[in-house]
Every structure is written in structure tokens, then in C-alpha cells.
Amino acid sequence: MTAGSIVLAQPRGFCAGVRRAIGIVERALDLYGAPVYVRKEIVHNHHIVAELVKRGAVFVDSEEEVPEGAVCVFSAHGVSPGVRSAAADRGLEVIDATCPLVSKVHQEAVRFARDGRTVLLVGHEGHEEVEGVLGEAPDRIVVVETEEDVRRLALPDDTPVAVLTQTTLSFDETAKVVRALRARFTDLLTPGEDDICYASQNRQNAVKDLARRNDLVLVVGSRNSSNSLRMVEVAREHGAAAHLVPDESHLDEAWLHGVSAIGVSAGASAPEILVHGLVTRLAALGFDRVELQRGIAEDVVFSMPGRLADPVTGRVPRTPLADEAPLSPGGAA
Ligand code: 0CN
Ligand code: SF4
């Protein structure tokens, strides 16, 4: 039997925005009772969605599918103003689970567009977060993904532009695109270097270290999770074989041939219970020495929306912490 060790990434898994978003759906179910409608996947994780469905959440693709007057949660990835007004027209009781770090990018887009700048949004066309930001000023925002896109932009080089980014991009790839934009445009503003969030950045840094020290890196996350996919790419760029593992049933034992050290991490939307499942399966295959990477501890917490306050006491519930969220029992380490 193959034998070897596992290093569990630190930090990994749930970020503050994901904990808040899941907590919002759970609290809305407690407060209003089922069904609670959720526009799009609350976070990009199939296990989380399936668990919330069991409790009475109903996931829909569009606000138009929600019965008039019903409770509707907007996902962590944000929505365009068009979606907000369509929801208002239907009289929906909206509870917004947009991550505050995504909302910040919306506000920046509005400000720069109002100042007459063309906003160059670095991100992936079609991703919900990009769709939402784009909707803030569709005539003034252009999505760019690669350095090649920068070369192809049909804009004079002296156009007043502002650069914003999706929150879950690869830090190094984004730096290249931003560098190309700076090299080309003579009147360019940014609110900072980029809008990549602390959680994406920290998970990518941890994965780089894992990739340098291990033969193989496995990232727990669903296939539509942008930040999880970026973690796999980062691991590959730093010298390890790497795969996305939606859950332990997707582990391919062929990946383990000749491998003695595995790094395991999880995207910002992947619950610890799935990490636990993967580690248990790997242990059964001989990878039974588990250690925790020395990494930074995150203490970011976003407060819950005021409209989820207790109707009697007026108290706003506390945001669940990773290890006490019912969907993430933890314990893998
Ligand atoms: O996987 P997620 O739900 O979203 P993306 O990485 O695809 O953007 O993780 C939470 C991130 C947010 C917003
Ligand atoms: Fe917010 Fe970042 Fe988490 Fe997305 S990955 S929900 S932007 S903290």
C-alpha cells in the first residue's frame, strides 16, 4: 500500500463572506420558515446548496421565478441594479447576502463611471460577480481577462480609465494584466493594486507553499468555484501536480502513484466536512500522517443584515463562525 503524509493548508475553506451568506439563509429559514428563495447558488458549492435545499431553501436562476411577495436571498456574488429593481417590482422581501468586499467593487464601479471614466474590469466574462458589477454601468464597463485582451481593447490610449478586478482572481495573473493596462493607458486610476479579497490571497499564498513542499496538491471545491479553480492553477504553477476535488468520491487513485506527500486545501466556499471526507479516504489509502501547515489565522467577521434581527428583542444574530456552523462540523485537523 502507498504510504505518505498529508499537510492541511492553513488557512483553507470558508471565508467571512461565505459564513455570512450561509448564515443568512439559515437565519431566514428560522425567521420566516420554508420556503426561502435564493437567487443563484448562495455560494458555489454543491454540498452547501444540497444541505440548504433539505432545510427548505429553493434555489432559482432568476428573481422572476420567485412568487410575488416571497422572501428572496441574493447570493454572495452580488447582483446588478437591474435585478434589484426587478425584485422590487415583484414585491420580494429581499435579504442581500452579497459579500461586503463584492459590494465595495460595485461602489467603486459606480463612482468611476459617474466621474466619466471607462471601467476596465479584470475578470471572467459570465461569472455572476462580473455580471453584477457590469450591470452598474453597462455602457461604461469593459471586461478584460488576459494581456491579449488588453492589446485588443478598441480604446484610444489616453482614454480616462479605471481598473477594477473580480475578488477571486489569481493574484499573479491579475498583476500581469494590470501591468499591461498601466503600460498602455496614460490616464489610469485604481482604488489599489487590485480588488482580490483577503481570503483568495491568503488561500493562494498557502497553496504556493504547499505546492513547493508536496508532490501533489488537492483542492476541495466545486467546479464552478472560481477561487477554488485559481488555487489549483496556482499549485500547478508552483511545481506540484494539482486537482480540484468536489468531494472524496472524485478522488482518482491514479493521482497517488509515486506520491508520498500531499497538500490538501479547500476553496472559500468548501465546507470542512468535505475536507474531512477526503482526508479520511486518503488515510484509508495509507496517507495517515496528518499535519497542519503553519499559516496565518484569519479573524475577519462580517455582521449580519439588520433585517434579520429578532422581531422581539431587536437583536441582530451573530455571524456563524466556521467551526460552529452546522454545515461545517470541522474536526479534520
Ligand atoms: O466559490 P465561491 O462561491 O465563488 P467564486 O470563487 O466562484 O467567486 O466562493 C465565495 C466567493 C465569493 C463571492
Ligand atoms: Fe467575500 Fe472573498 Fe469570500 Fe468572496 S471569497 S465571499 S469576496 S471574502
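Cut-offs applied
Residues numbered from 1 in each chain as written. Chains lettered and ligands numbered in written order. Predicted model: local features only at pLDDT ≥ 70, side-chain atom pairs only at ≥ 80, totals over all residues. Heavy atoms only, no water. UniProt positions renumbered as here; feature names shortened; annotations may be inferred. Helix = DSSP H or I, 4+ residues; strand = E, 2+ residues; numbered from the N terminus. Rg over C-alpha atoms; globule rule 2.2 N^0.38 Å. Contact = heavy atoms within 4.5 Å. Areas by Shrake-Rupley, 256 points an atom, 1.4 Å probe, with all protein chains shown as cover. Lys, Arg positive; Asp, Glu negative; His and termini not counted. Charge placed at Lys NZ, Arg CZ, Asp CG, Glu CD. pLDDT = per-residue confidence, 0-100. Buried < 20%, exposed > 50% of the residue type's maximum accessible area, 1.4 Å probe, protein only. Salt bridge = Lys/Arg side-chain N within 4 Å of Asp/Glu carboxyl O. Polar contact = N/O pair within 3.5 Å; in protein donor to acceptor, adjacent residues only side chain to side chain. Domains from an automatic or database assignment. Buried area = accessible area lost by both parts, 1.4 Å probe. Pairing = 2+ DSSP bridges. Axes fitted to C-alpha atoms, helices over the stretch in contact; angles between N-to-C directions.

As named in an unreviewed UniProt entry, the protein is 4-hydroxy-3-methylbut-2-enyl diphosphate reductase, taken from Streptomyces cyaneogriseus subsp. noncyanogenus. You can read under Sequence similarities (unreviewed entry) in the UniProt record for the protein the words "Belongs to the IspH family." The Function (unreviewed entry) comment attached to the protein in UniProt states, word for word, "Catalyzes the conversion of 1-hydroxy-2-methyl-2-(E)-butenyl 4-diphosphate (HMBPP) into a mixture of isopentenyl diphosphate (IPP) and dimethylallyl diphosphate (DMAPP). Acts in the terminal step of the DOXP/MEP pathway for isoprenoid precursor biosynthesis."

1. Examining the overall build of the protein
Scanning the protein from terminus to terminus reveals ten helices and 13 strands. Taking 20 Å as the expected radius of gyration for a compact globule of 333 residues, we find that the protein reaches 21 Å, a close match to that expectation. In terms of principal-axis extent, the alpha carbons of the protein reach across some 60 × 55 × 30 Å. For the protein, the share of sequence-separated contacts (at least 6 apart) that also reach a separation of at least 24 residues comes to 75%. Looking at the protein as shown, the accessible area adds up to about 14300 Å², and 49% of this sits on carbon and sulfur atoms. The distance from the centre of the 34 positive side-chain charges to the centre of the 48 negative ones in the protein is 4 Å.

2. As for the confidence of the model for the protein
Per-residue confidence for the protein gives a mean pLDDT of 95, with 96% of residues at or over 70. Below pLDDT 50 for its whole length, residues 323-333 participates in 29 contacts with residues either more than four positions away or in separate chains.

3. Section: the side chain of Gln204
Along the chain, Gln204 falls in helix α8 (residues 198-213). Residue class for Gln204 comes out buried when judged on its relative accessible area of 3%. Excluding residues that lie within four positions of it along the chain, Gln204 makes contacts with Thr168, Leu169, Ser170, Phe171, Arg230, Met231 and Val234.

4. What about the pattern of salt bridges?
Following the criterion strictly, the structure yields 20 salt bridges and no others. Among the salt bridges present, the one from Glu93 reaches Arg307, with a minimum N-O distance of 2.4 Å. Linking Glu93 in strand β5 (residues 93-96) with Arg307 in the segment after β13 (289-292), this pair joins segments that are 214 residues apart in sequence. Taking the relative accessible area as the measure of exposure, Arg307 reaches 41% and is therefore partly exposed. For Asp172, the salt bridge goes to Lys208, with nearest N and O atoms at 3.0 Å. Taken together, the residues span a long stretch of sequence, with Asp172 in helix α7 (residues 171-184) and Lys208 in helix α8 at a distance of 36 residues. A relative accessible area of 28% places Asp172 in the partly exposed class.

5. Quick look at the UniProt feature "binding site: dimethylallyl diphosphate" (unreviewed entry) in the protein
Here the UniProt-annotated "binding site: dimethylallyl diphosphate" (unreviewed entry) positions come out as His44, His77, His127, Ser225, Ser226, Asn227 and Ser269. Mapped onto the elements, His77 comes out in the loop between β4 (71-74) and α3 (81-89). On the basis of relative accessibility, which here comes to 10%, the residue His77 falls in the buried class. Beyond its immediate stretch of four places on either side in the chain, His77 contacts Glu41, Ile42, Val43, His44, Val102, His127, Glu128 and Glu129. Looking at His77, its side chain comes within polar contact range of the side chain of His44, at 3.4 Å. Mapping Ser269 onto the fold places it in the loop between β12 (261-266) and α10 (272-284). When residues no more than four places from it in sequence are discounted, the contact partners of Ser269 are Phe14, Val18, Val43, His44, Asn45, Ile48, Ser225 and Asn227. One polar contact links the side chain of Ser269 to the main-chain carbonyl oxygen of His44, over a distance of 3.4 Å.

6. Some remarks on the domain arrangement of the protein
The domains assigned to the protein are domain 1 (4-15 + 197-298), domain 2 (16-99) and domain 3 (101-189). The gap between the C-alpha centroids of domain 1 and domain 2 is 29 Å. The partner domain 2 presents twelve residues to the twelve residues of domain 1 that form the contact. With both sides pooled, the region where domain 1 packs onto domain 2 buries about 980 Å², and carbon together with sulfur makes up 55% of that total. For domain 1, the biggest contributors to the area lost against domain 2 are Phe14, Cys15 and Asn224; these three give 46% of the whole. Inspection of the region where domain 1 meets domain 2 yields zero salt bridges.

7. What about the UniProt feature "active site" (unreviewed entry) in the protein?
Cross-referencing UniProt, the feature "active site" (unreviewed entry) maps to Glu129 in the present numbering. Following the sequence through the fold, Glu129 ends up in helix α5 (residues 128-134). Apart from residues no more than four positions distant in its own chain, Glu129 is found in contact with His77, Val102, Gln166, Thr167 and Thr168.

8. Remarks on the sheet that holds β5
A sheet is described by the order of its strands in space; here four strands give the open sequence β3-β2-β4-β5, paired in parallel fashion. On the outer flanks of this sheet lie β3 (57-60) and β5, each paired with one strand and no other. Neighbour to neighbour, the strand axes of the sheet diverge by 30° on average, direction disregarded. As paired strands, β4 and β5 are joined by four bridges and run parallel to one another. Residue pairing for β5: Val73 is matched across the bridge by Ile95.

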